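Commentary on secondary and tertiary structure
What follows is the residue order along each chain.
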Amino acid sequence: MQSETPKKIFSSLLVIILDVNPAQDTLLSGEIKLSSILSSVVAFANSHLMLRTHNKVAVLASDPNSCDFIYSDQDELDFKKKTVSSCKMGGSQYELFSHIDRSIKFNIVKFLKDAAEEPHMSRDTVFGASCAKALCYINRLQNNLFPGETMNSRILIISGCDNEGDKYIRCMNTFFTAQKQNVAIDVCSLTHDVTLLKQACYITEGSYFRMPKLEGLLLYLQWIFLTEPSSRKKLVIPLAPQLDFRPFCFCHGTLTAIGFVCSLCLTIYCKISPICTTCEAVFKVRSAIAVKPKKKKIKTTSVNN
């Protein structure tokens with residue numbers, strides 16, 4: 001008897017990195033609350049799961065000191081163990097969607113309580129560490145796929161912060177790793193135009209969008225980021241903004257076109273420095289050699305006797 005060929009299963013994994021940095025201008029100004037942003041993220045995650053039966057979603061919270069998953073495949077496994085049938089309804093809502101809502105809200109409160117105990121808080125969210133953790137999660141699920149199953153993976157960053165360039169090398173390493181793994185990075189910026197995240201979208205062929213208004217976050221998420229990157233060419237979506245390829249200097253955190261680069265760790269400075277602040281390498285700075293003026297030759301005239 002001929003063995004039956006396994007059916008091809010197509011799935012899509014969406015990892016959402018939610019910036020919960022309390023120093024965001026959107027939260028400081030009070031224009032929008034974190035609870036409303038979280039509700040839009042939950043509704044958007046549920047919309048992604050409704051597109052295809054085998055779609056998967058994970059949500060990762062990030063702040064200036066740490067990052068951690070507030071919903072992952074482990075939460076989904078716990079849900080399947082508790083429920084007898086995956087089609088069970090909770091009131092007027094699908095039980096899985098209700099479970100995602102409860103899990104995310106419970107874990108985000110726990111994450112914020114742990115973050116409040118940290119002594120130092122800055123304005124720079126750890127995007128590099130968050131993307132690295134998301135890529136490790138994607139790689140693990142890719143290795144656990146069944147025969148005949150294919151999965152497209154992508155990352156969506158939702159942030160309202162303006163990250164500086166002190167972690168530029170870490171972020172760029174994760175961006176190029178995502179490019180190698182064919183993982184697109186999308187960015188939804190709530191307020192600022194972040195050059196570093198623009199470069200992430202350009203490197204990984206993702207989409208970057210800065211919201212003109214904070215109202216209607218769910219509408220913009222479903223309009224631009226719900227479809228796969230390969231299908232967005234057929235849709236009418238905002239064009240990609242102009243990208244500035246200049247790197248950040250590590251001494252002042254500003255964009256620079258001409259600077260000095262450490263030959264060991266590739267740290268960039270806008271001014272010359274004898275000691276690298278990243279790897280503590282010491283360089284010999286050659287001082288300008290004083291040029292001695294040439295002596296003028298005295299012409300001697302011969303006297304004919």
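Details of the structure are given in the entry above.
Keep in mind that what you see is a predicted model, and the values were worked out from it rather than measured.

This part is about the pattern of salt bridges. A side chain of one charge can pair with a side chain of the opposite charge when the charged atoms of the two come close. The full count for this structure, using the stated rule, is nine salt bridges. Among the salt bridges present, the one from Asp186 reaches Arg232, with a minimum N-O distance of 2.7 Å. With Asp186 in strand S7 (residues 184-189) and Arg232 in the loop between helix H8 (217-225) and strand S9 (260-261), this pair connects stretches of sequence that are 46 residues apart. The two residues Asp186 and Arg232 agree in class, both being buried. Among the salt bridges present, the one from Asp193 reaches Lys198, with a minimum N-O distance of 4.0 Å.

What follows is about the sheet that holds strand S2 (residues 56-62). Strand pairing in a sheet relies on backbone hydrogen bonds. The paired strands run either parallel or antiparallel. With mixed pairing, the six strands of this open sheet are ordered in space as S3-S2-S1-S6-S7-S8. Two strands bound the open sheet, and with one partner strand each, they are strand S3 (67-71) and strand S8 (208-210). In this sheet, adjacent strand axes meet at a mean angle of 20 degrees when their direction is disregarded. Note: S7 against S8, three bridges, orientation parallel. Counted as the bridge partner of Ser189 is Arg210 from S8. Of the strands in this sheet, strand S6 (149-159), S7 and S8 are in contact with H8, which crosses S7 at around 155 degrees.

Before going further, it helps to examine the pairing of S6. Most of S6 is tucked away: nine of the eleven residues are buried. Bridge analysis of strand S1 (residues 9-19) against S6 gives ten bridges, and the strand direction is parallel. Residue pairing in the sheet places Ile17 in a bridge with Ile157 of S6. The pairing of S6 with S7 spans six bridges and is parallel. Looking at S7, one finds that Ile155 is bridged to Ile185.

Our next topic: the packing of helix H2 (residues 34-51) against H8. At a minimum axis distance of 9 Å, the contact between H2 and H8 shows a crossing angle of 35 degrees. Crossing geometry of H2 relative to H8 is assigned as right-handed. Facing H2, whose interface residues are Ile37, Ser40, Ala43, Phe44 and Ser47, H8 presents Leu217, Leu218, Leu221, Gln222 and Phe225. Partitioned by chemical class, the residues of the contact of H2 with H8 number seven nonpolar, three polar and no charged.

Tallied over the full model, the rule gives three aromatic pairs. Both rings, one in Phe69 and one in Tyr137, keep their centres 4.9 Å apart while their planes meet at 40 degrees; by these two values the pair is tilted. Of the two residues, Phe69 sits in strand S3 while Tyr137 sits in helix H5 (residues 127-143), which places them 68 residues apart along the sequence. Both residues of the pair, Phe69 and Tyr137, belong to the buried class. Feature note: the residues Phe209, Tyr220 and Trp223 constitute an aromatic cluster, connected by ring pairs.

Criteria and cut-off values
- Residues numbered from 1 in each chain as written.
- Predicted model: local features only at pLDDT ≥ 70, side-chain atom pairs only at ≥ 80, totals over all residues.
- Heavy atoms only, no water.
- Salt bridge = Lys/Arg side-chain N within 4 Å of Asp/Glu carboxyl O.
- Helix = DSSP H or I, 4+ residues; strand = E, 2+ residues; numbered from the N terminus.
- Buried < 20%, exposed > 50% of the residue type's maximum accessible area, 1.4 Å probe, protein only.
- Pairing = 2+ DSSP bridges.
- Axes fitted to C-alpha atoms, helices over the stretch in contact; angles between N-to-C directions.
- Contact = heavy atoms within 4.5 Å.
- Left-handed = near helix turned anticlockwise from the far one by under 90°.
- Nonpolar A, V, L, I, M, F, W, Y, C, P; charged D, E, K, R; others polar.
- Phe/Tyr/Trp six-rings, centres within 6.5 Å; stacked < 30°, edge-to-face > 60°.

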